[in-house]
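Given next are the chains, with one letter for each unit.
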Amino acid sequence: MKPRLSNAILLLAVIALTGCCTETKPLPRSDTSPPQLRRYPNLLAHISHDDLSFSVSLNPAKRSFLTIHISQRDSVLKSLPTVLMRVQMADDKVIEGPAVKPRMWYGNGGYSEMDYRFELGRSAVIDDIHSVTVTIDGQKYDLCPF
């Protein structure tokens, strides 16, 4: 019995020594950082100035349109404002013209909400847009996505 016991102890010692003395290579690390996503992927900008508040975003249903959502105090709103657009794309193409007025708008807590549409002529993502100039009733706003 003694030879079996000594063989077992010797075998355990060899296994223990080879396990602690061998060099282990570190496992390759995979990039576990989450992808950088925008909180509102279609939103280009939101502006609030005096009694006017508006946002410009890509239309989620048809990415070839910009949506200009205007919220304005009812006391200021006498008629639908005129909205002119100038969009400079990243490839230096410039698209200009009036935004299409909404057929209807709705009121909410003393504010009127209106959604205008502006056609880009092609499907786009925010990175395709270099800058947007919005003119609302003669007041000009320059927007740049970040």
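About the cut-offs
- Residues numbered from 1 in each chain as written.
- Predicted model: local features only at pLDDT ≥ 70, side-chain atom pairs only at ≥ 80, totals over all residues.
- Heavy atoms only, no water.
- Pairing = 2+ DSSP bridges.
- Helix = DSSP H or I, 4+ residues; strand = E, 2+ residues; numbered from the N terminus.
- Axes fitted to C-alpha atoms, helices over the stretch in contact; angles between N-to-C directions.
- Buried < 20%, exposed > 50% of the residue type's maximum accessible area, 1.4 Å probe, protein only.
- Polar contact = N/O pair within 3.5 Å; in protein donor to acceptor, adjacent residues only side chain to side chain.
- Contact = heavy atoms within 4.5 Å.
- Salt bridge = Lys/Arg side-chain N within 4 Å of Asp/Glu carboxyl O.

Two elements, strand 1 (residues 43-49) and strand 2 (residues 52-58), share 6 bridges in a ladder whose sense is antiparallel. Counted as the bridge partner of histidine 46 is serine 55 from strand 2. Between strand 1 and the antiparallel strand that follows it, strand 2, lie 2 residues; aspartate 50 among them carries a positive phi value of about 55°.

Another aspect to go through is the sheet that holds strand 9 (residues 139-143). Read across the sheet, 4 strands follow the order 5-4-8-9 without closing on themselves; strand pairing throughout is antiparallel. Either end of the sheet is taken by a strand with one partner, and the two such strands are strand 5 (94-98) and strand 9. If you compare each strand with its neighbour and ignore which way they point, the axes differ by 10° on average. Relative to strand 9, strand 8 (residues 129-136) runs antiparallel, the two sharing 5 bridges. The partner of valine 132 across the bridge, within strand 9, is leucine 143.

Further remarks concern unusual backbone geometry. For aspartate 92, which is not glycine, the phi dihedral falls at a positive 70°. Take aspartate 92: it is sitting in the loop between strand 4 (83-89) and strand 5. Of note, the phi angle at aspartate 137 is positive, near 50°, even though the residue is not glycine. Look at aspartate 137 and you get exposed, because its relative accessible area is 52%.

Let us now look at the side chain of serine 53. Within the secondary structure layout, serine 53 lies in strand 2. Note on serine 53: relative accessible area 17%, which makes it buried. Within the structure, the side chain of serine 53 is placed 3.2 Å from the side chain of histidine 46, a separation counted as a polar contact. Not counting residues within four places of it along the chain, the set of residues in contact with serine 53 comprises His46, Ile47, Ser48, His69, Ile70 and Ser71.

Attention now moves to the environment of valine 56. Topologically, valine 56 is positioned in strand 2. Spatially, the C-alpha atoms of valine 56 and isoleucine 70 are 8.9 Å apart, while their sequence positions differ by 14 residues. Among residues more than four places away in sequence, those in contact with valine 56 are Asn42, Leu43, Leu44, Ala45, Leu66, Thr67, Ile68, Val134 and Leu143.

Glancing now at the pattern of salt bridges. Summed over all chains, the structure comprises 2 salt bridges. For arginine 86, the salt bridge is made with glutamate 96, and the minimal N-O distance between the two is 3.8 Å. Of this pair, arginine 86 sits in strand 4 while glutamate 96 sits in strand 5, and the two are 10 residues apart along the sequence. Here arginine 86 falls in the partly exposed class, since its relative accessible area comes to 33%. For the salt bridge of aspartate 91 with arginine 122, the shortest nitrogen-to-oxygen distance reads 3.5 Å. Taken together, the residues span a long stretch of sequence, with aspartate 91 in the loop between strand 4 and strand 5 and arginine 122 in the loop between strand 7 (111-119) and strand 8 at a distance of 31 residues.

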